[in-house]
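Fold and contact review
Here is what each chain is made of, one letter per residue.
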Amino acid sequence: MGLLQQASLVITPNAVKAGKLYSVVPIDGTGDLTVARNTSATRVNSAGLIETVGNNIARLDYSNGSCPSILVEPQRTNLNLYSEDLANAYWFKFQSSILANADISPSGDFTADKIVEDTTNNFHSIFIDRLTFSIGQSLTRSVYLKADNRSWVSLAIAESGTYYRAYFNLSNGTIGNVSSSITASIEQAANGYYKCIITRVLTTTSPSSFAIELASDNGKNIYLGNGTSGVFVWGAQLEAGSNATSYIPTTTSTVTRVEDRNNIVLTNKPFWNKNNFTIYWEGTFLNGSYNQATFGFGNSTDIVAIGASICFYNNGVGVFSKQDGTSPGGLVIGSPLPNGSKYKLIIKREGTEIKWFRNGVLLGVRTGEVVDYAYLGLNSGGSTYYLDKSFMIPSSLTDQQCINLTTL
């Protein structure tokens with residue numbers, strides 16, 4: 001019998017409704033996960049378009065290809081108003097103008113604007129101005145952009161009059177010059193657009209500006225305009241954090257998307273074996289801090305006070321953490337993987353022994369913990385990741401089976 005045939009719980013990006021992520025196994029509803037996110041959120045659908053899903057609906061996202069993954073993200077706020085209305089006076093125009101509703105956007109709607117250069121020999125840009133943040137704050141700017149006679153564009157963050165930029169080639173989806181104090185990335189989106197992203201850790205408390213600048217070539221943002229060329233633009237986002245998350249539309253005010261939380265309490269489930277089990281996750285870790293994949297346990301009366309969690313976090317590091325603060329408090333196992341890494345993870349228990357495996361390697365061992373109360377959480381906790389599948393076998397696989405199963 002194959003391993004999946006032995007599984008008593010199988011979770012895949014399958015069927016969802018408000019408040020529920022259906023398990024593939026069992027089919028009687030006892031393995032379904034509770035989904036809690038009391039705001040709407042966006043996803044990339046099977047057609048490759050960005051669409052909004054309602055409150056408490058798990059996001060089956062197709063960003064990674066033709067098959068969906070479960071998208072899990074932390075709470076974020078889009079601080080940029082009028083994210084799809086760049087003609088609004090909220091956006092300052094410098095030697096440029098906005099042609100509203102000029103192209104089909106990555107959402108499939110005719111709502112993308114065009115930044116049009118004037119005929120001066122100067123900068124040609126639009127920007128939002130005089131936003132104040134704290135020293136050490138990480139800010140990430142992301143915008144969907146598409147070439148139209150101009151192929152190059154830069155995104156800039158200004159502090160105390162100094163501009164920090166990254167240049168993007170919208171013809172081939174590559175990155176040009178990048179200031180040493182920022183990071184930049186680019187992702188392909190629907191309808192010929194690219195999601196261009198920059199991140200900077202601020203060094204002053206002075207008001208900051210955030211500009212979208214046309215360019216005639218890599219590093220050349222001062223040039224003689226022709227009055228008609230430019231780029232299409234849609235979905236401007238500014239968020240506090242070290243990575244870009246899914247698009248959050250705004251109009252007259254900032255908008256917050258709360259974190260994704262998908263949970264199931266395993267205790268007393270007919271498919272749960274507290275003394276012998278193997279739990280497997282497979283997905284891609286994008287960015288964040290902790291709790292990308294968690295198995296929590298404790299006694300039957302107070303998981304918070306005397307419980308603990310076993311999880312993989314901080315780019316796939318294994319961790320054992322006592323929630324009541326007693327020793328060891330936090331046992332960290334393994335070195336981090338780079339952002340964007342694929343991971344295959346296993347936590348297994350046999351008798352009193354618990355082991356972690358990641359990508360074909362045994363990371364560590366823990367013994368002597370009570371497992372009278374247990375839950376499985378596919379939650380954000382500060383991390384962004386795609387989950388492809390998870391399953392539980394009500395027995396402990398051998399170490400070699402775990403190594404084979406998690407080897408990429």
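Refer to the structure above for everything that follows.
What comes next concerns the included structure.

Quick notes on the rules
- Residue positions are counted from 1 within each chain, in the order its sequence is given.
- Where totals are concerned, whole chains, interfaces and linings use all residues; where local detail is concerned, this predicted model gives features only for residues with pLDDT of at least 70, and gives and counts side-chain atom pairs only at 80 or more.
- With hydrogens and water set aside, each side-chain value is computed from the structure's full complement of heavy atoms.
- For our purposes a nonpolar core is just a set of buried Ala, Val, Leu, Ile, Met, Phe, Trp, Tyr and Cys residues, chained together by side-chain atoms within 4.5 Å.
- Only protein chains enter the area calculation, which uses a 1.4 Å probe; residues under 20% of their type maximum are buried, those over 50% are exposed, and those in between are partly exposed.
- For the purposes of this entry, the term helix denotes a DSSP run of H or I that reaches at least four residues, the term strand denotes a run of E that reaches at least two, and both are numbered from the N terminus.
- Only heavy atoms matter for contacts: two residues are in contact if any of them lie within 4.5 Å across the pair.
- By this definition, two strands are paired if DSSP reports at least two bridges between them.
- All axes are obtained by fitting lines to C-alpha atoms, using only the stretch in contact for helices, and the reported angles, taken between N-to-C directions, cover 0 to 180 degrees.
- The way it works is a 1 Å grid over only the protein atoms, where trapped points that fit a 1.4 Å probe form a cavity and open points with protein on both sides within 12 Å along at least five of seven lines form a pocket, and then any residue with an atom within 4 Å of a point lines it.
- Grid points are joined across faces, edges and corners, and a volume is the space filled by probe spheres set on the points.
- When the centres of two rings from Phe, Tyr and Trp lie within 6.5 Å, Trp using its six-membered ring, the rings pair. Their planes under 30 degrees apart give stacked, over 60 give edge-to-face, and anything left gives tilted.
- Over a ring means this: the NZ of a Lys or the CZ of an Arg is within 6 Å of the ring centre and within 35 degrees of the ring normal.

For the rest of this paragraph, the subject is the nonpolar core. Residues Leu 145, Phe 168 and Ile 212 are the most contacted members of the largest nonpolar core, which totals 33 residues. Of all the elements in the fold, those that place two or more residues in this core are strand S14 (125-131), strand S15 (138-148), strand S16 (152-159), strand S17 (162-169), strand S19 (182-188), strand S20 (194-201), strand S21 (208-215) and strand S23 (230-240). Setting aside anything within four residues of it in sequence, one finds Ile 212 in contact with Leu 86, Trp 91, Ile 115, His 124, Ser 125, Ile 126, Val 143, Leu 145, Val 153, Ser 154, Leu 155 and Val 233.

A few words now on the sheet that holds strand S18 (residues 174-178). One open sheet holds the six strands; their spatial order is S10-S14-S21-S16-S17-S18, and the pairing between them is antiparallel. Each edge of the open sheet carries a strand with a single partner, namely strand S10 (92-94) and S18. For this sheet, the mean angle separating the axes of adjacent strands, direction not counted, is 25 degrees. Pairing of S17 with S18 involves three bridges; the strand directions are antiparallel. Looking at S18, one finds that Asn 169 is bridged to Thr 174.

Attention shifts here to the layout of surface pockets. The space that makes up the largest pocket amounts to roughly 760 Å³. If you go around the largest pocket, you meet 35 residues; those closest to its centre are Glu 187, Lys 195, Ile 197, Ala 244 and Tyr 386. For the lining of the largest pocket, the secondary structure elements donating two or more residues are strand S5 (41-44), S19, S20, strand S26 (276-287) and strand S35 (384-393). When residues of the lining of the largest pocket are assigned to their parent elements, the largest contribution, six residues, is made by S19.

A few words now on the packing of aromatic side chains. Overall, the coordinates contain nine aromatic pairs when judged by the stated rule. What links up through ring pairs into an aromatic cluster is the set Tyr 82, Tyr 90 and Trp 91. The ring of Tyr 164 carries the charged tip of Arg 200 above its face, separated from the ring centre by 3.6 Å.

Here we come to the sheet that holds strand S12 (residues 112-117). Strand order in the open sheet formed by six strands is S11-S12-S23-S15-S20-S19, with antiparallel pairing between adjacent strands. Edge positions in the sheet fall to strand S11 (96-103) and S19, since each has one partner strand and no second. Averaged over neighbouring strand pairs, the angle between their axes works out to 30 degrees when direction is ignored. Across eight bridges, S15 lies against S20 in antiparallel orientation. Looking at S20, one finds that Ser 142 is bridged to Ile 197.

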